[in-house]
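# Survey of secondary and tertiary structure
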Amino acid sequence: MSRLSNATLAGLPDEVERPGYDRAAVRTGVVHLGIGAFHRAHQALVFDDALRTGDLRWGVLGVSLRSPGVRDQLNPQDGLYSVVMRDGVDDHTRIIGAVQGVLVAPEDPAAVVAAMASPEVQLVTLTVTEKGYRLDPASGGLLTGDPDVAADLADLSTPRTAPGFLVAALAERRRRSLPPFTVVSCDNLPHNGARVRAAVLAMAEAHDPTLAAWIGAEGAFPQTMVDRIVPATTPDDIDAQAARVGARDEGMVKTEPFTQWVIEDHFVGARPDFAALGVQLTPEVAPWEDAKLRLLNGAHSSIAYLGGLAGHAFVHEVVAIPAFRAFVERLWNEAETTLNPPPGLDIPAYRRDLMARFSNPALQHRTRQIAMDGSQKLPQRLLATIAARLDADQSIDALALGVAGWIGWQDGVTETGERFTVDDPMAAPLAAALAEAVTATDRVRAVCSLSGIVSPRLAGDERFTGTVTRHLNGIAIQGVEAWLGPQA
Ligand code: NAI
Ligand code: CS2
């Protein structure tokens, strides 16, 4: 069967939505670092929508900073790929033409820097995962002990890290008397714009303080909140899509109908007419971001660890169990008191919508995928919420159970005896700290002893350590579902 490409596009079934503009006339206004599934299902669709309006400035050049996988998926397809939207009843396929190709940075870092320094490029967007900014969660500074960071701090002629590429490209734009591009982080991090700005300024300062000053004065790093559930594509997804449309698409992504993008209205140069494309531009992103990270992602991680430990592979399976569903509602009851909901966000309706989204069986969202990188995710998803509740002298029972699930997860075995590798940049120090810990009290103390995950504020609060310890004992002795208790 032939691959999806410009040549096979016309032969697809009529119900498949196609780009609808002249791709040959599209110019590259965006470079995206971290061309994973989420970019392809979220930001790239907005740029594709912009192209459909006739504004052909918004083609996307994808960059992988690590591996050739997505390049090998998309470049043989002329950059074309399918977004398969699954609402739980029907599928709808939209072919995206906005991505013009993919570069693999380690193969040719100079080509990536040159592309980012092109006068036509106005935006550099990123989805490099929470760990991709190479920032120390405790200090907020660059992880100077990271070999790639150390190499970039010493020499930016062949960058390795996202901050390194951003600084090398901005330096080249300055040398060419071009304005900076706007840097748009689309990762699930609180104050993501400020974080990537801090990483860039620290990297620039190490090379040329006048460059750092120029970026600080002339650059723009808007904060964003991004939301669309995009599970990793499986080989079965690709086979089924090929059978459905008659062309093989190695770069397809699957997702839900829901999508949301909130961006701080702060840019350097041109950008698409985001408001006309359904993107929310606002001076204040934080209320949206807190609601999303603490309600959606806090529940997601708790479902992943507790449901995963109980042996459930998929999110929809977990929330179909009354005891888990009631637990998520209890967690939301706690989390929502810490929010400052923005105008227009109806929290009860938002919670109902979230539960419906989690219940979508067509997404087949793996608890294992959500569980990865917990050390990078828990601070903003559960721990910040817990600190806010304790500051208000409020209970943290459900939130602490989510943390206990994460600690239990570090053992790498489910209650059904299935062993797995803990996928986390801090898996080794976590395993080392837990190796000698026998009791639940020891295990909580061991995790709290690591810098960059649990803050000293929480580590020193017996209300936190005691509640997590109680839950850790409970799930160890009774098992997760029994410990959650029968719920009506
Ligand atoms: P993915 O696994 O498909 O892609 C991850 C991308 O990040 C790849 O390009 C990979 O090379 C790059 N990457 C990973 N570690 C890196 C590092 N240390 N330095 C530089 N690049 C690195 O994952 P996906 O689904 O695209 O998610 C990526 C990020 O997007 C998430 O971490 C999250 O922050 C955000 N996001 C994801 C959503 C989803 O449902 N998948 C929804 C909302 C946000
Ligand atoms: C998930 C998120 O993998 C995870 O950590 O919780 O990627 C989640 O799917 C998105 O934030 C939804 O917008």
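Residues numbered from 1 in each chain as written. Chains lettered and ligands numbered in written order. Predicted model: local features only at pLDDT ≥ 70, side-chain atom pairs only at ≥ 80, totals over all residues. Heavy atoms only, no water.

## Topic: the pattern of salt bridges
Put simply, the test is: Throughout this description, the term salt bridge denotes a Lys or Arg side-chain nitrogen within 4 Å of a carboxyl oxygen of Asp or Glu. In this text, helices come from DSSP runs of H or I with a minimum length of four residues, and strands from runs of E with a minimum of two, each type numbered from the N-terminal end. Note on exposure labels: buried denotes an accessible area under 20% of the residue type's maximum, exposed denotes more than 50%, and partly exposed covers the range between, all computed with a 1.4 Å probe on protein chains only.
On inspection of all chains with the given rule, the structure shows 35 salt bridges. The partner of Asp237 in a salt bridge is Arg86, and the shortest N-O contact between them spans 3.3 Å. Within this pair, whereas Asp237 is found in helix α9 (residues 235-245), its partner Arg86 is found in strand β3 (residues 81-86), the two being separated by 151 residues in sequence. Each member of the pair, Asp237 as well as Arg86, is classed as buried. Between Arg381 and Glu130 there is a salt bridge, with the nearest N and O atoms lying 3.8 Å from each other. In this pair, Arg381 sits in helix α15 (residues 374-391) while Glu130 sits in the loop between β6 (123-126) and α5 (147-154), placing the two residues 251 residues apart along the sequence. Of the two residues examined, Arg381 and Glu130, each falls in the buried class. Residues participating in the shared-partner salt-bridge network are Glu17, Asp48, Asp49, Arg52 and Arg94.

## Considering the domain arrangement of the protein chain
Put simply, the rule is: Domain segmentation is taken from an automatic or database assignment of domains. Here, residues are in contact when the closest pair of their heavy atoms is within 4.5 Å. Values labelled buried area give the accessible surface lost by two parts on being combined, using a 1.4 Å probe and summing over both. Distance and chemistry together define a polar contact, namely a pair of N or O atoms within 3.5 Å, with one atom able to donate a hydrogen and the other to accept it when in protein, and with adjacent residues in sequence counting only for side-chain atoms on both sides.
Partitioning the protein chain into structural domains gives domain 1 (9-282) and domain 2 (286-487). A straight line from the C-alpha centre of domain 1 to that of domain 2 covers 29 Å. Of the residues lining the interface, 30 residues belong to domain 1; the matching set on domain 2 comes to 26 residues. With both sides pooled, the region where domain 1 packs onto domain 2 buries about 2,300 Å², and carbon together with sulfur makes up 55% of that total. For the pair domain 1 and domain 2, the number of links is four salt bridges. Our count for the domain 1 to domain 2 interface comes out at eleven residue pairs in polar contact (both at pLDDT 80 or more).

## Describing the site of ligand 2
Quick note on the threshold: The cutoff for a nearby residue is simple: one of its non-hydrogen atoms must lie within 4 Å of the molecule or strand. Calculation of accessible area relied on Shrake-Rupley with a 1.4 Å probe; when residues are assessed, cover is drawn exclusively from the protein chains displayed. A pocket, in this scheme, is an open set of points on a 1 Å grid over the protein atoms alone with protein on both sides within 12 Å along at least 5 of 7 lines, while a cavity is a set where a 1.4 Å probe fits but cannot get out; residues line either one if an atom lies within 4 Å of a point. For a molecule to be placed in a cavity or pocket, more than half of its atoms must lie within 2 Å of the grid points of that cavity or pocket. For this classification, the nonpolar set comprises Ala, Val, Leu, Ile, Met, Phe, Trp, Tyr, Cys and Pro, the charged set comprises Asp, Glu, Lys and Arg, and every other residue, Gly included, is treated as polar.
What surrounds ligand 2 is the set Asn188, Asp227, Arg228, Ile229, Lys292, Leu296, Asn297, His300, His365, Ile370, Lys377 and Arg381. The separation between an oxygen atom of ligand 2 and a polar main-chain atom of Arg228 is 3.2 Å. Between ligand 2 and Lys377, the relevant distance is 2.7 Å, taken from an oxygen atom to a side-chain nitrogen or oxygen of the residue. Coverage of ligand 2 by the protein amounts to 89% of the 340 Å² it exposes when considered alone. In this structure the site holding ligand 2 corresponds to the largest pocket. Mapped onto the shell around ligand 2, the elements with two or more residues apiece are α10 (286-309) and α15. The dominant element in the shell around ligand 2, judged by the number of residues it contributes, is α10, at four residues. Here the shell around ligand 2 is built from residues that sort into three nonpolar, four polar and five charged. Counting only domains with at least three residues in the shell around ligand 2, you end up with domain 1 (9-282) and domain 2 (286-487).

## Points about α10
Keep this limit in mind: Given the number of residues in a helix, its expected span is that number minus one, multiplied by 1.5 Å. Bend at a given residue is defined as the angle between two axes, one fitted to the seven residues that end at that position and one fitted to the seven that begin there.
For α10, spanning 24 residues, the distance from its first C-alpha to its last is 32 Å, which sits close to the expected 34 Å at 1.5 Å a residue. At Asn297, α10 is bent by approximately 30 degrees, the largest bend along its length. By the criterion of burial, α10 is predominantly enclosed, with 23 of the 24 residues buried. Residue Gly311 follows α10 closely and has a positive phi angle near 95 degrees.

## Considering the packing of helix α18 (residues 440-448) against helix α20 (residues 462-478)
The following threshold applies: Angles run from 0 to 180 degrees between N-to-C directions of axes, and those axes are lines fitted to C-alpha atoms, restricted for helices to the stretch in contact. By definition in this entry, angles of less than 35 degrees are roughly parallel, angles greater than 145 are roughly antiparallel, angles of 65 to 115 are roughly perpendicular, and the rest are oblique. Two helices cross in a left-handed way if the nearer one is turned anticlockwise from the farther one by less than a right angle. They cross in a right-handed way if the turn is clockwise.
One can describe the packing of α18 onto α20 by two numbers: an axis separation of 9 Å at closest approach and a directional angle of 130 degrees. On the basis of the axis angle, α18 is oblique to α20. Note on packing geometry: the crossing formed by α18 with α20 is right-handed. Across the interface between the two elements, Ala440, Thr441, Arg443, Val444 and Cys448 of α18 pack against Phe464, Thr465, Val468, Thr469, Leu472 and Asn473 of α20. Looking at the contact of α18 with α20 residue by residue, the classes come out as six nonpolar, four polar and one charged.

## Observations regarding the site of ligand 1
Near ligand 1 there are 22 residues, and of these Ala37, Phe38, Asp187, Asn188 and Val230 occur at the shortest range. Taking Arg66, its side chain carries an N or O atom lying 3.4 Å from a nitrogen atom of ligand 1. Within the side chain of Glu130, one N or O atom sits 3.3 Å away from an oxygen atom of ligand 1. Relative to its unbound accessible area of 820 Å², ligand 1 is 81% covered by the protein chains. Taking a 2 Å distance to the grid points as the criterion, the majority of the atoms of ligand 1 fall inside the largest pocket.

## Describing the side chain of His471
Note on placement: His471 falls in helix α20. The class for His471 is buried, based on a relative accessible area of 3%. For His471, the contacting residues outside a window of four places in its chain are Asp397, Ala400, Leu401, Ala404 and Trp483.

## Remarks on the nonpolar core
Formally: Here, nonpolar core refers to any group of buried Ala, Val, Leu, Ile, Met, Phe, Trp, Tyr and Cys residues whose side-chain atoms link them within 4.5 Å.
Of all hydrophobic cores here, the largest spans 74 residues; its most connected members are Trp332, Phe358, Leu383, Ile386, Val403 and Phe464. The biggest single contributor to this core is α10, with ten residues. There are two domains that each give this core at least three residues, and those are domain 1 (9-282) and domain 2 (286-487). Those residues within four positions of Ile386 in sequence are excluded, and the remaining contacts are Ile396, Leu399, Ala400, Val403, Leu458 and Phe464.

## Some points on the sheet that holds strand β1 (residues 28-33)
Note the following rule: Between any two strands, pairing holds if DSSP finds at least two bridges.
The strand order β5-β2-β1-β6-β7 describes an open sheet built from five strands, whose pairing is parallel. The open sheet terminates on both sides in strands that have one partner only, identified here as β5 (99-104) and β7 (182-185). Between one strand axis and the next, the sheet turns by 20 degrees as a mean value, whatever way the strands run.

## Looking at the layout of surface pockets
Over the atoms, a rolled probe matching the size of one water molecule traces out where space is still vacant. Heads up, the condition is: Grid points are joined across faces, edges and corners, and a volume is the space filled by probe spheres set on the points.
Its boundaries defined by the atoms lining it, the largest pocket holds a volume of some 1,300 Å³. Lining the largest pocket are 49 residues, and of these Gly36, Ala37, Phe38, Thr129 and Gln369 lie nearest its centre. Those elements giving two or more residues to the lining of the largest pocket turn out to be α1 (37-41), α3 (69-74), β8 (224-227), α10, α14 (367-371) and α15. Among the residues forming the lining of the largest pocket, the class breakdown is 18 nonpolar, 17 polar and 14 charged. Quantified by volume, the second largest pocket comes out at close to 610 Å³. Along its surface, the second largest pocket is lined by 32 residues, and Pro137, Arg195, Pro379, Gln380 and Gly452 are the ones closest to its centre. Contributions of two or more residues to the lining of the second largest pocket are made by α7 (192-207), α10, α15 and α19 (456-459). Sort the elements by how many residues they give to the lining of the second largest pocket and α15 lands first, with seven residues. Grouping the amino acids of the lining of the second largest pocket by side-chain chemistry returns 17 nonpolar, nine polar and six charged. Composition of the lining of the second largest pocket by domain shows at least three residues from each of domain 1 (9-282) and domain 2 (286-487).

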